[in-house]
Amino acid sequence: MDRDPHRDEGLLAGSLKGVMFDFSGTLFRVEPTEDWLRAVLTDTGIDLPEAELTALAALLEAAGALPGGASPQRLPARLEPLWRERDLSPEQHRAAYTALTREVPLPSPELADALYDRSWTPAAWWPYPDTAATLAALHERGVPVAVVSNIGWDLRPVFRAHGVDRFVDAYALSFEHGVQKPDPRLFRVACEALGAVPADVLMVGDDAVADAGAAALGCPVRLVAHLPVEQRPSGLGAALGPLGLLGQL
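Quick caveat: nothing in here was measured; it's all calculated off a predicted structure. (Residues numbered from 1 in each chain as written. Predicted model: local features only at pLDDT ≥ 70, side-chain atom pairs only at ≥ 80, totals over all residues. Heavy atoms only, no water.)

Structural notes on the overall build of the protein chain
Within the protein chain one finds eleven helices and seven strands. Going through the 249 residues of the protein chain one by one, you find that 50% of them count as buried. By sequence separation, contacts in the protein chain at least 24 residues apart represent 69% of the contacts at least 6 residues apart. Surface accessibility of the protein chain: about 10900 Å² in total, with carbon and sulfur atoms responsible for 53%. (Helix = DSSP H or I, 4+ residues; strand = E, 2+ residues; numbered from the N terminus. Buried < 20%, exposed > 50% of the residue type's maximum accessible area, 1.4 Å probe, protein only. Contact = heavy atoms within 4.5 Å. Areas by Shrake-Rupley, 256 points an atom, 1.4 Å probe, with all protein chains shown as cover.)

Some thoughts on the sheet that holds strand β6 (residues 201-205)
With parallel pairing, five strands are arranged side by side in an open sheet as β5-β4-β1-β6-β7. A single partner strand is all that each edge strand has here, and the edge strands are β5 (170-173) and β7 (221-223). Along the sheet, successive strands turn relative to each other by an average axial angle of 20°, direction set aside. Of the strands in this sheet, β1 (18-21) and β4 (145-149) touch helix α7 (residues 131-140), which is tilted by about 155° from β1. (Pairing = 2+ DSSP bridges. Axes fitted to C-alpha atoms, helices over the stretch in contact; angles between N-to-C directions.)

Things to note about the environment of R118
Summarising the element assignment, R118 is placed in helix α6 (residues 111-119). Residue class for R118 comes out buried when judged on its relative accessible area of 18%. Distance from R118 to V40, taken between C-alpha atoms, is 7.0 Å for residues 78 residues apart in sequence. Excluding its chain neighbours within four sequence positions, the residues that come into contact with R118 are E31, W36, A39, V40, A123 and A124.

What about the pairing of β4?
Taking burial as the measure, the five residues of β4 include five buried ones, the bulk of the element. Of the two faces of β4, both are covered, the one formed by V145, V147 and S149 as well as the one formed by A146 and V148. As paired elements, β1 and β4 share three bridges and run parallel to each other. Bridging across to β4, M20 finds its partner in A146. Looking at chain direction, β4 and β5 are connected through four bridges and run parallel. The residue of β5 that forms the bridge with V147 is Y171. As a crossover connection, the stretch from β4 through helix α8 (residues 156-161) into β5 is right-handed. (Right-handed = clockwise from strand over helix to strand, strands pointing away.)

Remarks on the pattern of salt bridges
Applying the stated criterion across every chain yields a total of 13 salt bridges. A salt bridge links D211 to K181; its shortest N-O distance comes to 2.6 Å. Placement of D211 in the loop between β6 and β7 and of K181 in the loop between α9 (174-177) and α10 (184-194) is noted, with a sequence separation of 30 residues between them. Here D211 matches K181 in class, with each residue buried. Between R185 and D183 there is a salt bridge, with the nearest N and O atoms lying 2.8 Å from each other. (Salt bridge = Lys/Arg side-chain N within 4 Å of Asp/Glu carboxyl O.)

Below, the structure written as structure tokens:
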């Protein structure tokens, strides 16, 4: 990112006109693979011994079958084109993840779709401990917020279910615009929705490639660690540290 660091410091110190946040790994984290599998097995009435459940969850994680979870450890060559464009439409997203799920021996073939359906429910997503406080602090100070996500489904119900939708002013979702991060066009959509020029809009995300694409527009970028919820209690506070927001709560 060819940016003047002093310009970034000035922006974060007081001239911030908007903040863009990534969704998965930044504001929310998907439930652990074992919890995901256990919930679906319970709902479908399939009973597995604990050892088999744990082993199956490990296989699903290695396959990258959980949207928002780990990437595939080995992506089958035939799925590479679909994987690259999975976030451009709901159909491609479902096809990519159910195909990865079917790479694993399942106790029932219907589980592939049932697991995918669970992955976009609000119950499958947990906000990080500092998500609500950070969004509320920005809202109280009149700093508008956009969520910019590579995703194949509508995440607005997740924000509503967890009570933080009132702090979000705009959503720029890849499947709605047919473009994926790091393409600058998706970030431009968000900046325009916030009514601010890119140089005055901070991007906060967890992906050094996808989220850092905002820098091509001139946006400052701050990265947080993509960690389990219980292991990252203050990632957003670190990213927004120069604002001193969390310290004022």
